[in-house]
Amino acid sequence: LAVGMGVGQVLLLLSAACVVVPAKDLLLNICMDAKHHKTEPGPEGTLYGQCSPWKDNACCTANTSSEAHKDQSNLYNFNWNHCGLMPSKCKRHFIQDTCLYECSPNLGPWIDQVDSSWRRERVLHVPLCKEDCEEWWEDCKDSLTCKENWHKGWNWATGTNRCPWGSMCRPFSHVFPRPKDLCEKIWSNSYKYTTERRGSGRCIQMWFDPAQGNPNVVVAKYYAWKKRSSAAWTENVTPETDKAVCALPWPVLVLLPLALVVVSEGAWGCGS
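It should be emphasised that the depicted structure is a prediction, and the values quoted were computed from it without experimental measurement. Along each chain, the written sequence defines residue order, and numbers are assigned to residues from 1. Owing to the predicted nature of the model, reporting of local features is limited to residues with pLDDT of at least 70; listing and counting of side-chain atom pairs is limited to 80 or more, with chain, interface and lining totals taken over all residues. Heavy atoms from the whole structure form the basis of all side-chain values; hydrogens and water molecules are not counted.

## Focus on the overall build of the protein chain
Point 1. Under the scheme used here, helices are H or I runs from DSSP no shorter than 4 residues and strands are E runs no shorter than 2 residues, and both carry numbers assigned from the N terminus. What the protein chain contains, in helices and strands, is eight helices and eight strands.
Point 2. Burial status across the protein chain gives 42% buried among its 272 residues.
Point 3. The contact rule is simple, with two residues in contact once any of their heavy atoms fall within 4.5 Å. Expressed as a percentage of contacts within the protein chain between residues at least 6 apart in sequence, the contacts between residues at least 24 apart total 65%.
Point 4. Reported accessibility uses the Shrake-Rupley method at a 1.4 Å probe radius. Residues are deemed covered only where the shown protein chains occlude them. Counting every atom, the protein chain has about 15,000 Å² of accessible surface; 57% of that belongs to carbon and sulfur. Each residue's exposure class comes from its accessible area (1.4 Å probe, protein chains only) as a fraction of the maximum for that residue type: buried when under 20%, exposed when over 50%, partly exposed otherwise.

Set out below in structure tokens:
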């Protein structure tokens, strides 16, 4: 009986000492390790133009948001007008795309490691909402470009991107026959075309009204949960529940071996 009480007391001690500690989700509310990103997201107060929806919690600085709107930006020395002047209705989608990439803290589930001279992480297969992709294609279909993949293969001899020798400027609709082609191919599969619609909680929006909140927060939570589940990182966790761990304070960890020895010796004494 005494031994049983000893074991019971030890278990009671462990139960009482177990502290539920919320675990930080490494896929949520984070900034990627890239050229212009902050180390962690936070309020910026004022972000320029189309980047303003992220001002309450951003991975970009105000200066980065301003540069994102320039034809010849200092961010990457990239020139949108490589095949003549890009119409403003088309250019606004590329500005919004840049703002999402630089400012969003909700791309964690799609961050991928890269070995590059200018960044250590990128995004891969971000599920873009159907409307965002199709409106982008519709507004740019008559614009001109000479390349399908804008990440690589340019002529940088002058310090900015120019069409490679022998390439021809053609309408976007020829280079990218479908919205899917534009969204997936132009940035090396950074985006994935989906049939999910805005507000579904299943796709990332480039365009949203900040007065209604950031819809991508819920989307990131869903895909973070999905990624953890598929990798068997956790069990019995739903997107709505916070992951938590049971941690023992260090004094309990120090005294635990001694308590077990006492219980063990009591058991031997009782049996002899």
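## Topic: the packing of aromatic side chains
Point 1. Side-chain rings of Phe, Tyr and Trp (the six-membered ring for Trp) are treated as a pair once their centres are within 6.5 Å; stacked means planes under 30 degrees apart, edge-to-face means over 60, and tilted covers the remaining angles. In total, this model carries 18 aromatic pairs according to the counting rule given.
Point 2. With a centroid separation of 6.1 Å and an interplanar angle of 75°, the aromatic rings of Trp 150 and Trp 154 are classed as edge-to-face.
Point 3. On the basis of relative accessible area, Trp 150 is assigned to the buried category, the value being 2%.
Point 4. Taking 5.6 Å as the distance between ring centres and 55° as the angle between the ring planes, the aromatic pair formed by Phe 172 and Phe 176 counts as tilted. For the pair shown, Phe 172 and Phe 176 are each scored as buried.
Point 5. Connected via pairs of aromatic rings, a cluster forms that spans Phe 78, Trp 80, Phe 94, Trp 136, Trp 150, Trp 154, Phe 172, Phe 176, Trp 187 and Tyr 191.
Point 6. Whether a charge sits over a ring depends on NZ of Lys or CZ of Arg being within 6 Å of the ring centre and within 35 degrees of the ring normal. Here the basic side chain of Arg 202 rests over the ring of Tyr 222, its NZ or CZ set 3.6 Å away from the ring centre.

## Quick notes on the state of the cysteines
Point 1. Disulfides are defined as cysteine sulfur pairs within 2.5 Å. The final tally for this structure, using the stated rule, is eight disulfides.
Point 2. A sulfur-sulfur distance of 2.0 Å marks the disulfide that ties Cys 90 to Cys 140. Taking the sign of the S-S torsion, 100° for the link of Cys 90 and Cys 140, the bridge is right-handed. One end of the pair, Cys 90, is in helix H3 (residues 88–103); the other, Cys 140, is in helix H4 (residues 130–140), with 50 residues separating them in the sequence.
Point 3. Accessibility expressed as a relative area gives 0% for Cys 90, which makes it buried.
Point 4. Two residues, Cys 133 and Cys 183, share a disulfide whose sulfurs are 2.0 Å apart.

## Structural notes on the nonpolar core
Point 1. We call a set of buried Ala, Val, Leu, Ile, Met, Phe, Trp, Tyr and Cys residues a nonpolar core when their side-chain atoms join them within 4.5 Å. Among the nonpolar cores identified, the biggest contains 50 residues, and Phe 94, Trp 136, Trp 150 and Trp 187 are the most heavily contacted of them.
Point 2. Elements with a minimum of two residues in this core: H3, strand S4 (126–128), H4, helix H5 (172–175), helix H6 (179–185), strand S7 (191–193) and helix H7 (216–230).
Point 3. With seven residues, the single largest contributor to this core is H3.
Point 4. Residues contacting Trp 150, with those up to four places away along its chain left out, are Phe 78, Trp 80, His 82, Met 86, Phe 94, Thr 145, Phe 172, Ile 186 and Trp 187.

## Things to note about the side chain of Thr 145
Point 1. Inspection of the secondary structure puts Thr 145 in strand S5 (residues 144–145).
Point 2. Polar contacts involving the side chain of Thr 145 include one to the side chain of His 82, which spans 2.9 Å.
Point 3. Residues in contact with Thr 145, not counting those within four places in the same chain, are His 82, Cys 83, Trp 150, Met 168, Cys 169, Arg 170, Phe 172, Val 175 and Phe 176. What qualifies as a polar contact is a pair of N or O atoms within 3.5 Å, subject to a donor-acceptor requirement within protein and to the restriction that residues adjacent in sequence count only when both atoms come from side chains.

## Things to note about H7
Point 1. Under the 1.5 Å per step criterion, the end-to-end length of H7 is 21 Å for 15 residues, consistent within 8% with the ideal 21 Å.
Point 2. Three or more residues of H7 are buried, namely Asn 216, Val 219, Ala 220, Tyr 222, Tyr 223, Ala 224 and Arg 228. Given the number of residues in a helix, its expected span is that number minus one, multiplied by 1.5 Å.

## Section: H4
Point 1. The element H4 is extensively covered by neighbouring structure, given that eight of its eleven residues are classed as buried.
Point 2. Buried residues belonging to H4 abut H3, S4, H5, H6 and S7.

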